[in-house]
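Okay, here's what each chain looks like letter by letter:
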Amino acid sequence: MIRLGINIDHVATLRNARGGEHPCPVRAALMAMEAGADGITAHLREDRRHIRDRDIERLKNEVPLPLNMEMAATGEMLEIALKIYPNAVCIVPEKRTELTTEGGLDVCAQEHTLTPYIKPLQGKGIRVSLFIDADAGQIEAAARTGADIVELHTGAYAQEDKSKDEDYLSPAACHLRSAAQLAHSLGLEVHAGHGLNYENVAAIAAIPEIAELNIGHFLMGEAMFIGMKESVARMRFLIEGARSSFAKATEEI
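Cut-offs used in this document
- Residues numbered from 1 in each chain as written.
- Predicted model: local features only at pLDDT ≥ 70, side-chain atom pairs only at ≥ 80, totals over all residues.
- Heavy atoms only, no water.
- Buried < 20%, exposed > 50% of the residue type's maximum accessible area, 1.4 Å probe, protein only.
- Helix = DSSP H or I, 4+ residues; strand = E, 2+ residues; numbered from the N terminus.
- Pairing = 2+ DSSP bridges.
- Right-handed = clockwise from strand over helix to strand, strands pointing away.
- Core = buried A, V, L, I, M, F, W, Y, C linked by side-chain atoms within 4.5 Å.
- Contact = heavy atoms within 4.5 Å.
- Axes fitted to C-alpha atoms, helices over the stretch in contact; angles between N-to-C directions.

1. What to know about the pairing of strand β6 (residues 149–153)
So, step 1. Of all five residues in β6, five are buried, a share of seventy percent or more.
So, step 2. The two faces of β6 match: I149, E151 and H153 on one face and V150 and L152 on the other face are all buried.
So, step 3. Here strand β5 (residues 127–132) runs beside β6; their pairing, made up of four bridges, is parallel. Paired with F131 across the strands is E151, a residue of β6.
So, step 4. As a crossover connection, the stretch from β5 through helix α6 (residues 136–145) into β6 is right-handed.
So, step 5. Pairing geometry for β6 and strand β7 (residues 189–193), over five bridges, is parallel.

What follows is the structure, given as structure tokens:
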């Protein structure tokens, strides 16, 4: 089975555009759970542009699914994570000026600061993921930090021009597959996400080493047109179908 994590950040973005409490990210998370989500992801940014501290508290306390808290590797975020006690944290690069996370964490450059940063989180039983590009050097550095998980940034794949031939595996997809295999061989659990949608998710979901996909912006946008439950359920159907098709093809070989 492949797990589906739902990022509900942009429910909070819409709420914050007018202030108040509507729409509620916690309500969105509960609806995603009903539709088949395996976990909830929320990014608590330094500027609190969407998710707020209270949202993280409520998601942890009111939603009976694992909470994956995305955050920068700062002292403030470490303190919050140790207080809230999410199931996992995903350490991401963060810039105030970016619209969304633009690339992976440079673990090679930050290995000696990330290694001690990770230990107190793991000491409390919190799993630690590093959001990285599908680069062999970054994956090897992530393994050396002692992280439990790497989440592969799929942005380059999502933006790539792809053949209309369904049997065509794009260069970026092949690169992600090789990266997932390397990470898995080093004992890391492998997740993936960024820019995935109904049309491009199958090739990534079919990679057997990937245990979890984290998808947010696209599904929150679709929910405006077809509803939260249908939006998530359709993605659940597509990723399970892709994984099952791959498994069947492997058995036939």
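2. Details of the nonpolar core
So, step 1. By size, the foremost hydrophobic cluster in this structure holds 75 residues, and its most contacted members are I6, I8, L130, L152 and L213.
So, step 2. Per element, the largest residue contribution to this core is six residues, and it comes from helix α8 (residues 171–185).
So, step 3. In contact with L130, other than residues within four places in its own chain, are I91, L105, V107, I118, A142, T145, A147, I149, V150 and E151.

3. Digging into the sheet that holds strand β4 (residues 88–91)
So, step 1. Spatial ordering of the closed barrel is given by β1-β2-β3-β4-β5-β6-β7-β8, a layout of eight strands whose pairing is parallel. Across the sheet, the mean angle from the axis of one strand to that of its neighbour is 25°, orientation sign disregarded.
So, step 2. Packing against the sheet, helix α5 (residues 107–123) makes contact with β3 (67–71), β4 and β5, and its axis sits at approximately 160° to β5.
So, step 3. In the packing of α6 onto the sheet, the strands contacted are β5 and β6, and the crossing angle to β5 comes to about 160°.

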